[in-house]
Each structure stands twice: as structure tokens, then as C-alpha cells.
Amino acid sequence: MKSNIFEQITSEIDKFENETIHIADGYDLNTSNLINKITLYINSRFENGQKDSRGRRKFFYNIVLFRRDTTKRLIDIDIKHFRVFGTNTIKQIKAFLCESRFKKWARDSGFGSILNELAEQAATYGSGILKFTGDVIPSVVDIRNLYFDASAENLQKAQFIIEKHLLTPDQLLEKKNDGWKNIDELIDEKDDFIKIYERQGIVPAQWIGKGSGYKKAIFFVAFKKNSDKEGVVLFSQPIEEYQYFDFPLRKQKGRLLGIGDIELLLDLQIRKNSIVNQKASAMEISSKHLFQTTDPNIGGNFLTDYVDGAIIQGQITPVATENRDLNSWVSEENAIDTLADRLAFTYDVVRGESVPATTPATNALIQERQSLSNFALIRQNFGLFLEKIVKNYILPKLLKEFNGEEMTRIIADNFDDLERADNLFIEEILNDFIYKKTIQTGFVPSEKERQQLKEKLNSELKKGGLVRIIKYGKGYFKDFDQDIIVNVSNESIDPMTELINLQSFLSQISNPAVLQDPLLKRFIYKMAERMGISITDIQLIEEGQKMKEQVMPEGATSIPNIPKNMKGVVPSTAVTPTETPISK
């Protein structure tokens, strides 16, 4: 360690920008140079300028940008993929309400845009980086302003993370509310922006006044002008863990930064640009008509010095300037595009483009399946990363907010969600009905009573259309132990394939006897799982059919009246579930 925080930050930035990390024999990497090159290539810019040594413009034929966009689209995860579950199966109604509130918060707060930006950054630079600064919603860090321990396994295990901030004087003054000090020393009316460095990492405990040894701490500092060893400490405090979390698109041992599409295709992009500019020069030369002669008396320009029908004494011959190797260039360019598609798994059929007419249908199907299986693995890893982030850093804070509410409004996006919600509410009310009637009479309500109550509740709930208003008391989620998963399994199902599967499955269950035989029914359910068809939907239809077939006999016990003006409003009794139904 250096003698103070300013020398330490200067040393670490210099190390990140100028030193390499050793990956393998013959492979040393400078992460800073790589990030800069990726930024240039994604913007179709050359490292050594846009003009060649003769001052002529160079052409950048970008083959990485649209492939990056394809990867971004195929790994993207939407808010609808998040599912919340309770660790206690009896409290699934709380899980459903928590999930509904989380999705509403995600839409209102712009969390979906954060996910899109994170997917784009991962596809571009190889890693997407999130940062939590105390707010519920995280931010995506601009990797161009980041300096880090390039050989660490991930950011949480890095020795240091440094982020450069450019703040206006007004923004800097607002930081006084966050406990920043010495701000007035930095304010200069001539400066539009003030450069601030945030460092999170291991430091001697004495730097933060915490005794001996080493601790993790966060520092905000600014350097004095024309100095890299002196400055002003604006804020410092110990921390338990870093605020940065990274997701690598393709992980490689020995380096922190993942491998994105741009890095994967760097050599092909360089070769493509070389061919394109060589071909442009050759075409410019071939467009010129030049002549040669051994007669010293003939000279000038054919266009200006001669007219049609002029008789010329002496021999004049054209100079061969035509391009005789165009086919080789075309062949090389096609080979580059083919290899780029194979490396990035971005074939025409995956990008949504029409495949060449000469491509066999079998080949197109194989290409699509290979690409989707490759991206399915990446999306799965992305989903696992987001599960950890939401469960550990977002939901706990949101549940505190939810506990202060007394009701919520749910607007279902589709029939499946609405059916799921209604069944949970009905089950909750039914449990409460069973509990209260058992306590009052000493007898458990009959099956027929329960079925009739289900029918009436279902009928009343349907009057609310796609809207459900849920009333509950404050502190409802206080004891809710949640878990969350990101369901990405069915994202890549083609609509036409899904339609064919549904038609095939419909033909299998058209015979009522199929679902009556336990063995055949088991195979039907297995087929549905493989086709991506919800077994829950089948069970709901079966249950509804049984309820319609049942008739209430004479003398049956009546059930409590349900107010006819409910119109989708779930009674407050629905939020006091019977965790262990009492039986006689």
C-alpha cells in the first residue's frame, strides 16, 4: 500500500491503464485498451484515426454492431419473467401479492429499462455492472469510467474498484446533505465539471480511524490541480461489501472482464475493414481510363484535346487498370461473415432475416436450435444473477415499503395470471370459511358446501373483469420469508411451433377416456411439460368441469351470502389465512 489514499488511487489507475494481466503463455491482456477499442469499434471508429497516411478517408464496414444487438435481444430478461414464492407453501397468497407489487414497482421505477441497459452492456463489453448506492433501484455503471482489479474473479473479490465522476458545482454542493466535507475548497467558477474519484477497496484501518490491520472502505476524493499525490478527502467510511456487482457474458479464467461479441469478432472486423478499403482503392483505380504511347508527339487528354473522328498518327494502347481479383475478395468477405455468424451464433434465421434460397430447411433449423441453445445457457446465467440481486438487495427494501400499505390494485395481463389470482383468493377465503364454521359448529363443512362456495366466489370475482382490489392491513408482509426465481425456460418458443404443439396436444386429449385413465393421464402430463404447455391450465379445466357436474341435493347446508356488489373486491378475510385447518 502507498502512504496515503491519493497515491494509492494514482498507482491503481496507472496499473489498470498501462499494465497487462497474464492469461496464458503468449496471451497478456490490457483491459483498459480493450475497453477503449470496443468503444471505438461499436461506434465505427479506427484506433489511429479515420484517414490513412495519404489523408484519404478509411471506410469502417461494421460487422459487430448488429450481431451485438442480436445477442442483446436474445439474452434480454423482462419483468414478466420474475416469480416470487414463499418458503412456506401455506402463504402463497402473500407470494402472489408480493409478486404483483414487485412487478408494479418495476414498471413504475423503470427497472425494466435497467435490465435492458445491463443486457446491452454485457453483450458489448462482455460484462454488465450494477451498482447500489442506497436506493432500492440500482444503476448501470459506465464501464469507461471504471478502474478495477483486472485479474480478480469478480468485483466482489477485487482488491479495489475506482469510479470517476464528473460533477457540476451545483451537484457537488448537494452532496453536503450526504455528509461530504471540504466541498468549498473545490468550487471554482471557471470549472464546468469537477473530477471526483470514488474508491472502494482494502485500506489500512488507520486511514479511516479504525485501529490497526486492513478493512474495506469507501473514499470520495478530488486531486489538487496539477498534482497526483495531494488532494481533498470528501467522504470516507468503512463498508461490509462493495456496491458493485458484475455479470460476465462469457467467463474466462484469469480475468474479470467477460468476453462480449465485439471482442469475439475483433480480428474479423480488422480483416473486413482491410478488404473493404483495399477493394475501394482498387475500384477507384479501375474507374480511370489511362492510355500509353511511345510517340513523343502524342500527349494531352482524350476528353479535352480530341474530338470524335480525329485521326491520330502513332500507336496508342490502353493501360490495364481493371480489377482482376474481385472474385477472391468476394469469397474472402463471405468467409468472414460465415465465421462471424458461427462465433457469435447470430445466423440469419436467428436475426429474423430471410435465409438464402439455396439454404436447405434442415440446415436453417439446425442453425436456429444451436443458436437458441447457446443463448439459453447465457440467459439462464443472467437469470441466476438477477435472482440473487433482487432477492438480496431489492425485495427486502421493497417489503418494508409494502408493509406500510393497506391495499393494492391488481390488473392482470392475461387470462392465466387472472385464473391463478382468483384460485389463490378463493382458496384463502375457503380456508377461512372452513376454520370459522368448524369453530362455531364443531363440524367441518361438507365437500358440497365447499364446492358451492367456490362457484359463488368465482362468479363474483369475474364481475371485476381484469381488475382485482386487494385489501389487507399494515404489516401484512412482516413475517413473509420470500424466494424468487427468474423463469426463462419458455422465452424462445416460436409462436408457430407453439401453435403446432397445441394442435397436436388437443388431438391427444379430445378423447375423454384419456384423462380418466391414471397411466395415460400421467403420460399426457409428461407430454404437456415437454411441449411447454401448463399442466395447471389442464387441472383448472378439469376442476371446473367437475364443479359444473356436481348438483346440490335437497337439504344441503346453505353457505354464507357473498355481497353482490363485490365486483372483483376480495374481502379482508382473505388476508388472514388458516395456516393449519382444524379438523374434527
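This write-up is about the structure you can find in this document. (Residues numbered from 1 in each chain as written. Predicted model: local features only at pLDDT ≥ 70, side-chain atom pairs only at ≥ 80, totals over all residues. Heavy atoms only, no water.)

## What to know about the sheet that holds strand β9 (residues 214-223)
Remark on secondary structure: sheet strands pair via backbone hydrogen bonds, oriented parallel or antiparallel.
And then number 1: Pairing within the open sheet is antiparallel, and its 5 strands lie in the order β6-β7-β8-β9-β10. The open sheet terminates on both sides in strands that have one partner only, identified here as β6 (146-148) and β10 (231-238). Across the sheet, the mean angle separating the axes of adjacent strands is 20 degrees when strand polarity is ignored.
And then number 2: Pairing geometry for β9 and β10, over 7 bridges, is antiparallel. Counted as the bridge partner of Phe219 is Ser236 from β10.
And then number 3: On the sheet, helix α1 (residues 5-18) packs against β6, β7 (160-167), β8 (194-204), β9 and β10 and is oriented at approximately 90 degrees with respect to β9. (Pairing = 2+ DSSP bridges. Helix = DSSP H or I, 4+ residues; strand = E, 2+ residues; numbered from the N terminus. Axes fitted to C-alpha atoms, helices over the stretch in contact; angles between N-to-C directions. Contact = heavy atoms within 4.5 Å.)

## What about the packing of aromatic side chains?
And then number 1: Considering all chains together, one arrives at 18 aromatic pairs under this definition.
And then number 2: With a centroid separation of 5.1 Å and 65 degrees between ring planes, the pair formed by Phe46 and Phe60 is classed as edge-to-face. Here Phe46, found in the loop between α2 (31-42) and α3 (65-75), pairs with Phe60, found in the loop between α2 and α3; they are 14 residues apart in sequence, far enough to count as distant. With respect to class, Phe46 is no different from Phe60; both count as buried.
And then number 3: Each ring, one from Phe102 and one from Phe111, has its centre 6.3 Å from the other, and the planes form 70 degrees; the classification is edge-to-face. (Phe/Tyr/Trp six-rings, centres within 6.5 Å; stacked < 30°, edge-to-face > 60°. Buried < 20%, exposed > 50% of the residue type's maximum accessible area, 1.4 Å probe, protein only.)

## Things to note about the sheet that holds strand β5 (residues 139-140)
And then number 1: With respect to topology, 3 strands assemble into an open sheet ordered β5-β4-β11, the strand pairing being antiparallel. Each end of this open sheet is capped by a strand with a single partner; those strands are β5 and β11 (244-248).
And then number 2: Strand direction decides the pairing type here: strand β4 (residues 127-131) and β11, joined by 5 bridges, are antiparallel. By the bridge assignment, Gly128 is partnered in β11 with Phe247.

## Brief notes about the nonpolar core
And then number 1: The biggest cluster of nonpolar side chains holds 67 residues, and the ones touching the most others in it are Leu172, Trp180, Leu186, Ile196, Phe219 and Leu234.
And then number 2: Broken down by element, the residue count for this core peaks at 7 residues, all from β9.
And then number 3: Once residues within four sequence positions are removed from consideration, Leu186 is found in contact with Leu172, Ile194, Ile196, Ala222, Val232 and Leu234. (Core = buried A, V, L, I, M, F, W, Y, C linked by side-chain atoms within 4.5 Å.)

## With respect to unusual backbone geometry
And then number 1: The phi dihedral of Ser44 falls on the positive side, at around 60 degrees, and the residue is not glycine.
And then number 2: Take Ser44: it is sitting in the loop between α2 and α3.
And then number 3: In this structure, Asn226 is a non-glycine residue whose phi angle is positive, near 60 degrees.
And then number 4: For Asn226, the position within the fold is in the loop between β9 and β10.

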